[in-house]
Amino acid sequence: FAKRLPCGAVEGTRRSLQVFFLIRQLCTSLLGEEDTRLPLSQVEGAVAEDEKLDLNNSDLIACSVVMKDRQAKRFLVISSSQLILVEPDTSQLGWGVVRFVAFLQDIEVSPDTDDIRSLQISFHQPLSTIRRTGQRKAHRQAVASWSFVFDDHIRCSAARKR
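Figured I'd write up the structure that's included with this text. Bear in mind the structure is a predicted one, so any value in this text is a computation, not a measurement. (Residues numbered from 1 in each chain as written. Predicted model: local features only at pLDDT ≥ 70, side-chain atom pairs only at ≥ 80, totals over all residues. Heavy atoms only, no water.)

What about the sheet that holds strand β8 (residues 142-150)?
Strand order in the open sheet formed by eight strands is β1-β5-β4-β3-β2-β8-β7-β6, and the pairing between neighbours is antiparallel. One side of each edge strand has no neighbouring strand; the edge strands of this open sheet are β1 (52-54) and β6 (107-111). The average undirected angle you get between the axes of adjacent strands in this sheet is 40 degrees. Pairing between β6 and strand β7 (residues 118-124): five bridges, direction antiparallel. Note on β7: the bridge partner recorded for Glu-108 is Ser-122. Against the sheet, helix α3 (residues 153-161) makes contact with β2 (61-66), β3 (71-78), β6, β7 and β8, and its axis sits at roughly 30 degrees relative to β7, the strand it touches most. (Pairing = 2+ DSSP bridges. Helix = DSSP H or I, 4+ residues; strand = E, 2+ residues; numbered from the N terminus. Axes fitted to C-alpha atoms, helices over the stretch in contact; angles between N-to-C directions. Contact = heavy atoms within 4.5 Å.)

Have a look at this one:
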C-alpha cells in the first residue's frame, strides 16, 4: 500500500467520507450532471474584491498590514468562511470597500515571536486550483505572507481566535 490504513474511529470516519465524496463526484461526472444538492464551498455567497460592504453590524478589528513593498491600514473582518480586509468608504458612512479576500481554509496563522501585537498570516494557493492542476496537497505553497500589526495584544488575540 502507498497509504496506511485508518487508525481509530475518527480516521476511519474521515476516510469513509472521503471515499463517499469521491464516488459521488465520479457518479455526477459520468452522468454529466452538476452536483446542486451538496455544494461544499458556496462561491456564489462569497465576498469579492472591490465590493462594497455594510460594516454597521460587523465586528471590525483595526490593523496595519505589512506587505513586502508597502504598509496599509485596514479593517479586518472575519466571516464564517472568509478573511476580509476592508478600507473605509469615504463616500458612504458605515460602508467599506473590500481590498483583499481569502478563504479561511487557505490561510495559516502564526504568532510573531518578536511582537505580541502581531500575527504572521500566510496565504496558500486555493485547494480547487491544486486539484485542477493535479498537484499533491503536500506541495501546497504559500502565495503570500503578510504581517498584521494590531493596536494591542488583546485585539491580536481576538483576531487569532476567530
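Regarding a nonpolar patch on the surface
Taken together, the side chains of Leu-17, Phe-20, Phe-21 and Leu-38 present a nonpolar region at the surface, about 330 Å² in accessible area. Within the element layout of this structure, Phe-21 appears in helix α1 (residues 9-31). The partly exposed category is assigned to Phe-21, whose relative accessible area is 32%. (Patch = residues over 30% accessible without salt bridge, like charges linked within 9 Å, V, L, I, M, F, W, Y side chains within 5 Å. Areas by Shrake-Rupley, 256 points an atom, 1.4 Å probe, with all protein chains shown as cover. Salt bridge = Lys/Arg side-chain N within 4 Å of Asp/Glu carboxyl O. Buried < 20%, exposed > 50% of the residue type's maximum accessible area, 1.4 Å probe, protein only.)

Section: the nonpolar core
One finds Leu-76, Phe-123, Trp-146, Phe-148 and Phe-150 to be the most contacted residues of the largest nonpolar core, which totals 19 residues. At the level of secondary structure, the elements contributing two or more residues to this core comprise β2, β3, β4 (82-88), β5 (95-103), β7, β8 and α3. Among the nonpolar cores identified, the runner-up in size contains eight residues, and Val-47, Leu-53, Leu-55 and Val-77 belong to it. (Core = buried A, V, L, I, M, F, W, Y, C linked by side-chain atoms within 4.5 Å.)

A word on the packing of aromatic side chains
Within this structure, the stated rule accounts for four aromatic pairs. When the ring of Phe-100 is compared with that of Phe-123, the centres are 4.8 Å apart and the planes differ by 70 degrees; the resulting orientation is edge-to-face. Of the two residues, Phe-100 sits in strand β5 while Phe-123 sits in strand β7, which places them 23 residues apart along the sequence. Residue classification places Phe-100 among the buried positions, given a relative accessible area of 17%. Following the ring pairs from residue to residue traces out a cluster consisting of Phe-100, Phe-123 and Trp-146. (Phe/Tyr/Trp six-rings, centres within 6.5 Å; stacked < 30°, edge-to-face > 60°.)

On their own, these measurements won't tell you what the molecule is for.
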